[in-house]
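# Summary of the model geometry
As a plain string of letters, each chain reads:
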Amino acid sequence: MNNLANRPVVLDIDQSVGPLADRLVLPLAHWQESIRFGCSLATMRRFRTMLDELLPAEYGTVFMGSGDFHHLSWPLIERLQPRTPMQVVVLDNHPDNMRFPFGVHCGSWVRRVAMLPQVSHVHVLGITSADIGAGHAWENYLTPLRRGKLSYWSIGVDTGWSRRLGLAHAFRGFDTPEAMVDAFVEVQRNQTAPSYLSIDKDAFSPEVAHTNWDQGRLLTDHALALIDSLRHGLVGSDINGEVSHYRYQSWWKRRLSAMDEQPEIDPAQLAGWQAQQHALNLQLLTAISARSG
């Protein structure tokens with residue numbers, strides 16, 4: 001693998017990503033208000049056009065800052081045209097497959113990716129959120145689950161409602177992260193598709209990386225084992241989940257953000273959390289580089 005193809009890209013929207021060797025930084029702070037948390041489909045099309053203009057032909061892992069930007073994985077995946085269909089592997093504490101009537105946002109983008117013809121399947125691993133529990137079942141887009149394009153891999157969540165709707169095949173529930181990782185590694189032994197990897201660090205325990213969302217239970221070794229299982233190579237990858245402060249100018253984004261109950265970031269602890277995040281980024285980047293190709 002040449003250095004150009006391994007070169008990390010920073011979508012520098014919120015100035016939260018630490019220094020990375022040989023990185024390509026795209027200064028995109030002017031997009032923050034329009035794209036953070038969610039946006040219209042027209043805005044996303046403009047963002048995708050901008051990416052096509054600015055991104056080089058080859059590049060490595062894309063860092064997008066806060067988890068509030070996870071929906072930017074959609075245009076990054078959409079622009080890829082691998083020789084054979086790819087699976088998309090998402091590490092996230094949330095399904096990111098929730099209903100959103102105003103376009104696309106950081107919790108709804110997975111449905112869009114599952115619809116892409118070049119994507120054979122989407123696995124979302126590490127969910128501990130009640131978003132996939134019975135109380136929020138109606139908020140999940142069911143079509144990609146029903147059609148076998150999407151699987152939820154959860155830890156400690158009661159998803160019995162899925163059996164009543166005939167969706168049990170799309171739900172893999174486990175008591176521990178170790179059991180989930182072992183099962184996924186075993187599944188990967190029998191598939192041959194290349195992978196796209198998207199990591200939201202809210203899938204990790206706070207002892208590994210603090211984020212501005214409720215968090216899961218993964219430890220660093222769990223993530224490294226999951227990455228290592230993708231033995232047929234990575235055609236692309238992205239990482240988000242950094243912590244950053246931002247106050248929306250528009251009232252509706254302030255309202256939607258409040259409804260999602262994002263935890264407040266303690267300014268006194270922000271620098272320490274960002275240093276912790278950066279150390280994890282470096283570990284993830286090393287593991288991803290070994291699988292890229």
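Residues numbered from 1 in each chain as written. Predicted model: local features only at pLDDT ≥ 70, side-chain atom pairs only at ≥ 80, totals over all residues. Heavy atoms only, no water.

### Re unusual backbone geometry
Definition in use: We count a stretch as a helix when DSSP gives it H or I for four or more residues in a row; a strand needs E for two or more, and each element gets its number in order from the N terminus.
In the Ramachandran plot, Asp22 falls in the positive-phi region, its phi being about 60 degrees despite a non-glycine side chain. Positive phi is not limited to glycine here, since Phe37 has a value of about 70 degrees. Note on placement: Phe37 falls in the loop between α2 (32–35) and β3 (38–39).

### Side note on the pattern of salt bridges
We apply this condition: Salt bridges are defined by distance alone: a side-chain nitrogen of Lys or Arg within 4 Å of a carboxyl oxygen of Asp or Glu. Exposed residues in this analysis have more than 50% of their type's maximum accessible area, buried residues have under 20%, and partly exposed residues fall in between, with area computed by a 1.4 Å probe over protein chains only.
Enumeration over the complete set of coordinates arrives at 9 salt bridges. Taking the shortest distance from any N to any O, the salt bridge between Glu78 and Arg48 comes out at 3.1 Å. Of the two residues, Glu78 is situated in helix α4 (residues 73–78) and Arg48 in helix α3 (residues 41–54); the sequence distance between them amounts to 30 residues. Residue classification places Glu78 among the partly exposed positions, given a relative accessible area of 27%. In this structure, Glu186 engages Arg189 in a salt bridge whose closest nitrogen and oxygen atoms are separated by 3.1 Å.

### Concerning the sheet that holds strand β1 (residues 9–12)
Basically, it comes down to this: Only when DSSP finds a minimum of two bridges between them are two strands counted as paired. Contacts were defined at the residue level, with two residues in contact if any of their heavy atoms lie within 4.5 Å. Think of each axis as a best-fit line through the C-alpha atoms, taken over the contacting stretch in the case of a helix, with angles from 0 to 180 degrees between the N-to-C directions.
If you walk across this open sheet you meet the 9 strands as β2-β1-β4-β11-β10-β5-β7-β8-β9, and the pairing is parallel. What marks the edges here is a single partner per strand, and that holds for β2 (24–27) and β9 (171–174). Looking at chain direction, β1 and strand β4 (residues 62–63) are connected through 2 bridges and run parallel. Bridge assignment links Val10 to a residue of β4, and that residue is Phe63. This element, helix α8 (residues 177–188), spans β5 (86–91), β7 (119–127), β8 (150–155) and β9 of the sheet and lies at about 150 degrees to β8. Here helix α11 (residues 270–291) sits on the sheet and contacts β4, β10 (195–200) and β11 (234–240); the angle it forms with β11, its principal contact strand, is near 170 degrees.

### Points about the pairing of β2
Residues Leu24 and Leu26 point to one face of β2 and are all buried, whereas Val25 and Pro27, pointing to the other face, are not buried. Here β1 runs beside β2; their pairing, made up of 4 bridges, is parallel. Across the sheet, residue Val9 finds its bridge partner in β2, namely Leu24.

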